[in-house]
Amino acid sequence: MNRRQLLMNSACAAIALRAPAVLLSDKPTIGVRVLSGPPLARIAPDFLGLGYEISSVAKPGLLSRTDSVYVQLVRTLGVHGVVRVGGNTADYARYSPTAKAVSSPFETVVNDAVLQELGGFLQATGWKLIWALNLGRGSEADAVAEARVVHAIAGERLLAFEIGNEPDLFSHAKHRPPDYGYEQWLANYRRYKMALRAQLPGIPLAGPDVAGKTDWVTRFAADEGKDAVLLTHHYYREGQNPGSTIEKLLGVDPKLQTRLEQLGAASQSSGVPYRICEVNSFSGGGRPGVSDTLAAALWVLDYMFILASHGCSGVNMETGVNQLGFISSYSPISDDEQGHYSAASEYYGMLAFSLAGRGDLLPVEVDAPTAAIKAYATRPKEGGLVLTLINKGEAASVLHLDTGSQSREASVMRLTGPAINAKTGITLGGAEVTSRGTWKAKAATGEGLSVRKGQLMLPIPAASAAIVSILQSNS
């Protein structure tokens, strides 16, 4: 096939997918090359996760196997994953076996009934559990009683217990005096650990679950790395404010690179994986018109690959009711609080990652004048090559892909929406997630592309992403 035929096929495929037409002749061409060499990292099968305030668990029937739509929405993201229960409400919550369950920012109560529902939810989804115990306002005895029940309902799906949520902000939350620091928290942690292990020998623990003081992770890895199963940290782009714009969300966060380097070093030195176990766009529930748009879906997809490329073992995207008592605008799973759940904008970014973020992550080089164009490559264990291409910019581009593959066949699936600030009409593979929580790409809209000596041209409209699957060569 000559270059003219290849370009015609690419242009026709873009039109068939109902994406905005991109004329290859008048758009800038950006080179994307999959480099040889060892993989950057191997993406864990349970990389994807969802994060909940403990007040969510106190809502009877929410995290339950009886809610078939919610269970399906989680399973559509993957058969492996991690549910993290914690948040600010964890350090105000209490466990009482038979008391009425209460979902409240400062007075949450969980009982045996809702915890049994959570156990059924974990069985139905197949996902693991991280559970945060109340260190802020609780006691060792309270933690042991709660942990005993959670341990029983989770069984082999228990990944870890955390002791306290964001302890580096305990003085700000008035859980501790103004001079409360790492040394004081470590003493508290070890006291709780001793009490827990006395009753539940060998239970897995994680920490320090900080909001922003990454040096606590470094110190915890040195002090407790031989005993902990996971290093945990939170991340938000920033607090919600008038400056929390789409441009800022999609732009480069100057703090992130250094933080991930520190976390990677702590993990490598201790041999303990790290996880960003609470994360979303802007804290405080997100910014409406930003956190609930196509922009957020593109941000999620890019952010997850950034984490994976820095050796992170997984991420838990916050969803549902927040620490202030309302449903966050950044929630991947929409909740009308009337028992109806659906896939929101961020869900599509997570779903795209679940398809493309598997196996080994390979090094990629991009000739892009700005950070708007991002590219990632993975090699699934079953073989082949998958490229994820993200255009966060306002202008369409054409990508010249040098895959290094000998295959002559490729297909494309696109993540698109009506506009960067669109809240509805977002599709992956030409299809929306159904009201039952299922998803399947439309076969009639799939792009079929041919590869010439491992290379192809691909138009990528503004505010969109594409997943290019290169079939394994039999030659």
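Our subject is the structure listed above.
Below or above, wherever it landed, is the structure these notes cover. (Residues numbered from 1 in each chain as written. Predicted model: local features only at pLDDT ≥ 70, side-chain atom pairs only at ≥ 80, totals over all residues. Heavy atoms only, no water.)

## Quick look at the environment of Glu 365
Reasoning step 1: Tracing the backbone through its elements, the reader meets Glu 365 in strand 16 (residues 364-366).
Reasoning step 2: Linking Glu 365 and Leu 135, residues 230 residues apart in sequence, is a C-alpha distance of 45 Å.
Reasoning step 3: Excluding anything up to four places from it in sequence, Glu 365 contacts Gly 31, Val 32, Arg 33 and Leu 35. (Helix = DSSP H or I, 4+ residues; strand = E, 2+ residues; numbered from the N terminus. Contact = heavy atoms within 4.5 Å.)

## A word on the sheet that holds strand 1 (residues 29-34)
Reasoning step 1: Pairing within the open sheet is mixed, and its four strands lie in the order 16-1-19-23. Taken across any chain shown, the strands that pair with only one partner, and hence form the sheet edges, are strand 16 and strand 23 (455-460). The average undirected angle you get between the axes of adjacent strands in this sheet is 20°.
Reasoning step 2: Here strand 1 pairs with strand 19 (residues 397-402) via five bridges, running parallel. Paired with Thr 29 across the two strands is Val 398, which belongs to strand 19. (Pairing = 2+ DSSP bridges. Axes fitted to C-alpha atoms, helices over the stretch in contact; angles between N-to-C directions.)

## Structural notes on unusual backbone geometry
Reasoning step 1: Looking along the chain, the bond that leaves Gly 207 and enters Pro 208 is cis, with omega of 0°.
Reasoning step 2: Among the structural elements, Pro 208 can be located in strand 9 (residues 205-210).
Reasoning step 3: The phi dihedral of Lys 174 is positive, around 65°, even though this residue is not glycine.
Reasoning step 4: Topologically, Lys 174 is positioned in the loop between strand 8 (158-163) and helix 6 (182-199).
Reasoning step 5: Taking relative accessible area as the criterion, Lys 174 reaches 67% and is therefore assigned exposed.
Reasoning step 6: Residues other than glycine seldom take positive phi values, yet Lys 453 does so here, at roughly 55°.
Reasoning step 7: Along the polypeptide, Lys 453 turns up in the loop between strand 22 (447-450) and strand 23.
Reasoning step 8: A relative accessible area of 70% places Lys 453 in the exposed class. (Buried < 20%, exposed > 50% of the residue type's maximum accessible area, 1.4 Å probe, protein only.)

## Considerations on the nonpolar core
Within soluble globular proteins, side chains that are nonpolar generally end up buried alongside one another.
Reasoning step 1: Counting residues in hydrophobic clusters, the biggest one holds 116 residues, and the most contacted among them are Leu 129, Trp 131 and Ile 276.
Reasoning step 2: For this core, the element with the most residues is helix 10 (residues 294-309), which contributes 14 residues.
Reasoning step 3: Once you skip the residues sitting within four places of it in the chain, Ile 276 turns out to touch His 233, His 234, Tyr 235, Leu 263, Tyr 303, Leu 307, Cys 312, Gly 314, Val 315 and Asn 316.
Reasoning step 4: Val 34, Leu 385, Val 451 and Leu 456 belong to the second-largest nonpolar core, a separate cluster that totals 22 residues. (Core = buried A, V, L, I, M, F, W, Y, C linked by side-chain atoms within 4.5 Å.)

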